[in-house]
Amino acid sequence: MARAFTPKVVTANALLEGDVIYLTDAGTWTRELSEAALLTDEADAQLRLLEAEQRAGDSVGAYLADVTPGPTGPQPTHFREEFRRTGPSNYFHGKQADDAASKAP
């Protein structure tokens, strides 16, 4: 018996910067998971992945990542995707510092 399809997003790394990027509904890349297209149909997800893989000039390593719908957009279901979204955790820098600065009073 086949497993039920779980929602996905297309994710990759930006070719020049190496940043984690996500495919939007408009077919553009964003660095914000909350702006990623939530794919709930398996055939559509595979098609969007194929389209992303053809964009070798701006991204590398595209794949489908499991997510769940959340109040602010897709949320990762696996620690690997949470780690990719927030960045290295060995000290406070990069994405973590940017996120904290945007939430400061």
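Definitions and limits used
- Residues numbered from 1 in each chain as written.
- Predicted model: local features only at pLDDT ≥ 70, side-chain atom pairs only at ≥ 80, totals over all residues.
- Heavy atoms only, no water.
- Helix = DSSP H or I, 4+ residues; strand = E, 2+ residues; numbered from the N terminus.
- Buried < 20%, exposed > 50% of the residue type's maximum accessible area, 1.4 Å probe, protein only.
- Contact = heavy atoms within 4.5 Å.
- Areas by Shrake-Rupley, 256 points an atom, 1.4 Å probe, with all protein chains shown as cover.
- Patch = residues over 30% accessible without salt bridge, like charges linked within 9 Å, V, L, I, M, F, W, Y side chains within 5 Å.
- Salt bridge = Lys/Arg side-chain N within 4 Å of Asp/Glu carboxyl O.
- Polar contact = N/O pair within 3.5 Å; in protein donor to acceptor, adjacent residues only side chain to side chain.

Chemist: Help me understand the overall build of the protein in this model?
Modeler: Per the secondary structure count, the protein includes three helices and five strands. Burial statistics for the protein: of 105 residues in total, 31% are counted as buried. Of all intrachain contacts in the protein linking residues separated by at least 6 positions in sequence, the fraction that spans at least 24 positions is 51%. Accessible area of the protein: about 6800 Å², with a carbon and sulfur share of 57%.

Chemist: Which parts of the structure should I look at to understand a nonpolar patch on the surface?
Modeler: Nonpolar side chains collect at one region of the surface, where Leu15, Leu16 and Val60 lie side by side and expose about 320 Å² of accessible area between them. In this fold, Leu15 is placed in the loop between β1 (8–14) and β2 (20–23).

Chemist: Can you walk me through the side chain of Arg84 in this structure?
Modeler: Note on placement: Arg84 falls in helix α2 (residues 79–86). A distance of 3.0 Å separates the side chain of Arg84 from the side chain of Tyr63, its partner in a polar contact.

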